[in-house]
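This is what each chain is made of:
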Amino acid sequence: MLRLVSLKLGRLYRYVKLAVLGSLAAALVLNTHSLLASLQRNELSERRFLQLNKCPACWGTSWCRKFLNGQLRLESWGRLRLFDFFNVKNVYFARYGEPREGSRRVVLKRLGSAQELADIDTKICRRATGRGRCDLLQALHATEFASLNGDVRLLTPDAVEGWSDLVHCPSQRLLDRLVRRYAETKDSGSYLLRNLKDSERMQLLITLAFNPEPLVLQSFPSDEGWPFAKYLGACGRMVAVNYVGEELWSYFNAPWEKRVDLSWQLMEIAEQLTNNDFEFALYLLDVSFDNFAVGPRDGKVIIIDAENVLVADKRLIRQKKPENWDVWYESKFDDCDKEACLSFSKEILCARVTVDHNYYAICQNLLSRHATWRGTSGGLLHDPPAEIAKDGRLEALLDECANPKKRYGRFQAAKELREYLAELSNNVR
């Protein structure tokens, strides 16, 4: 009986697949003329495609000259709007050319789906007029994004606290850093909010409220050793970041030696974001194989999706001393039936100096047997060589890191796991 049901489901899947392919083929035939036209023109030089008309309710304008001059071109199928249906995240690959530097690959992001971007307009209109539709540019001046005008000296925690994960619990030190390193102004380097133009100020605040990823990349740049993709610039509602390489997911079945090295790097990233000389703890609230990429030349692991990063200022926590601030916090293991599950309390992340969240997130969602993604299980370190499996140390460390049995066991397991992976990595090089 079960076999009969599975056969019927298999046939149904094939029929649906053929129907979808047939529909695509028909659409291609019916729209041949428009498809050829879209392949020939460069939409990245069109103001409407970039949604430049939305500014200053946009991400910035620092790269508009490059876009409008035709220095960026979408790659292959990215030029066909027919395939936008599958590109839910609105992420595009493009070639960027400089006369003296040649051409290189970049990643373009709208920082949200079409619906999410439409929701931004609706929220701005509702905040200003109480209605869902309005003159967006006029409405902006009746929102909190315009209330922080040229008379305001600093961007302060009470003005933006809770707007997004980045500023769930901001310190003045963090906000000064965001303003000082804001890349969408010609006069970056000053922490004074009033030194920004009105349009730049609104762009910064809207980015902070709706998708702070560009601000994370700017404030914790790769040039200074932070493990994030490099921010390049923006035009309208399109930002450009450096192309890193293939997503971590493509290495799921790579040779064991490679997976060991990548796993060690992931644990090093967890350590760097948790403990660093700047005393900012950057907690990754969304950890999956699609949020990391690997450089093809140097093999370096980089975070390519930084929308959900909570930054806690350890100096401020020590200064304010909230309840249990100096008690080590252990994240609770979440054995849910969904992919990339994480259990955390933002309030606790903001109130403790010593937190194991990043170790937990990397171990549970990427490395251990509890990691599930796209129908697979076993994590990046699945199927170790026989001698390592027999030894049992790796499995024990991964289990304790993901789901600790001892008090503060994850802290110790994470430390030992980093050391053990470094040892394994050196042995195989």
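Residues numbered from 1 in each chain as written. Predicted model: local features only at pLDDT ≥ 70, side-chain atom pairs only at ≥ 80, totals over all residues. Heavy atoms only, no water.

A. Just helix H5 (residues 114-129), in detail. Helix length check: H5 (16 residues) gives 23 Å between terminal C-alpha atoms against 22 Å at 1.5 Å per residue, within 8%. Inspection of H5 places Leu117, Ile120, Asp121, Ile124 and Cys125 among the buried residues, and these make up the whole buried set. Down the axis of H5, the buried set is contained in an arc of 125 degrees. They therefore lie on one face. In H5, those exposed residues whose orientation departs by more than 90 degrees from the buried face are Gln115 and Arg126. Those residues of H5 that are buried are in contact with helix H6 (136-140), helix H7 (144-147) and helix H10 (198-210). In the stretch just after H5, glycine 130 is the one whose phi turns positive, near 85 degrees. (Helix = DSSP H or I, 4+ residues; strand = E, 2+ residues; numbered from the N terminus. Expected span 1.5 Å × (residues − 1). Buried < 20%, exposed > 50% of the residue type's maximum accessible area, 1.4 Å probe, protein only. Arc of directions from axis to C-beta. Contact = heavy atoms within 4.5 Å.)

B. Local environment of the packing of aromatic side chains. In total, this model carries 15 aromatic pairs according to the counting rule given. Aromatic side chains phenylalanine 220 and tryptophan 226 sit 5.0 Å apart centroid to centroid with 75 degrees between the ring planes, which places their arrangement in the edge-to-face category. Summarising the burial analysis for this pair, phenylalanine 220 and tryptophan 226 share the class buried. An aromatic cluster of at least three residues, connected via ring pairs, comprises Phe220, Trp226, Phe278 and Phe280. For arginine 105, the ring lying beneath its charged end belongs to phenylalanine 93, and the centroid distance is 4.5 Å. Directly above the aromatic system of tyrosine 243 lies the positively charged group of arginine 105, at a separation of 4.5 Å from the ring centroid. (Phe/Tyr/Trp six-rings, centres within 6.5 Å; stacked < 30°, edge-to-face > 60°. Lys NZ or Arg CZ within 6 Å of the ring centre and 35° of its normal.)

C. Representation of the environment of cysteine 341. Among the structural elements, cysteine 341 can be located in the loop between helix H13 (314-320) and helix H14 (346-349). Separated by 55 residues in the primary sequence, cysteine 341 and aspartate 286 place their C-alpha atoms 8.5 Å from one another. Beyond its immediate stretch of four places on either side in the chain, cysteine 341 contacts Asp334, Cys336, Tyr360, Gln364 and Asn365.

D. Structural detail: the pattern of salt bridges. In this structure the tally under the stated criterion is 19 salt bridges. A salt bridge links arginine 201 to aspartate 198; its shortest N-O distance comes to 2.2 Å. Here aspartate 198 and arginine 201 lie together in helix H10, a separation of 3 residues that amounts to about one turn. We classify arginine 201 as buried; its relative accessible area is 2%. Close ionic contact of glutamate 279 with arginine 318 constitutes a salt bridge, the shortest N to O distance being 2.4 Å. One end of the pair, glutamate 279, is in the loop between helix H12 (256-274) and strand E7 (280-284); the other, arginine 318, is in helix H13, with 39 residues separating them in the sequence. On the accessibility criterion, arginine 318 (33% relative accessible area) is partly exposed. Connected through shared salt-bridge partners, Lys54, Asp121 and Arg237 make up one network. (Salt bridge = Lys/Arg side-chain N within 4 Å of Asp/Glu carboxyl O.)

E. Molecular detail of the state of the cysteines. Scanning the entire structure with this criterion turns up 5 disulfides. Across the disulfide, cysteine 169 is cross-linked to cysteine 350 (sulfur-sulfur distance 2.1 Å). Judged by the sign of its S-S torsion, about -80 degrees, the cystine formed by cysteine 169 and cysteine 350 is left-handed. Placement of the pair is cysteine 169 in the loop between helix H8 (157-160) and helix H9 (172-180) and cysteine 350 in the loop between H14 and helix H15 (357-367), with a sequence separation of 181 residues. In this structure, cysteine 169 and cysteine 350 share a single accessibility class: buried. (Disulfide = S-S within 2.5 Å.)

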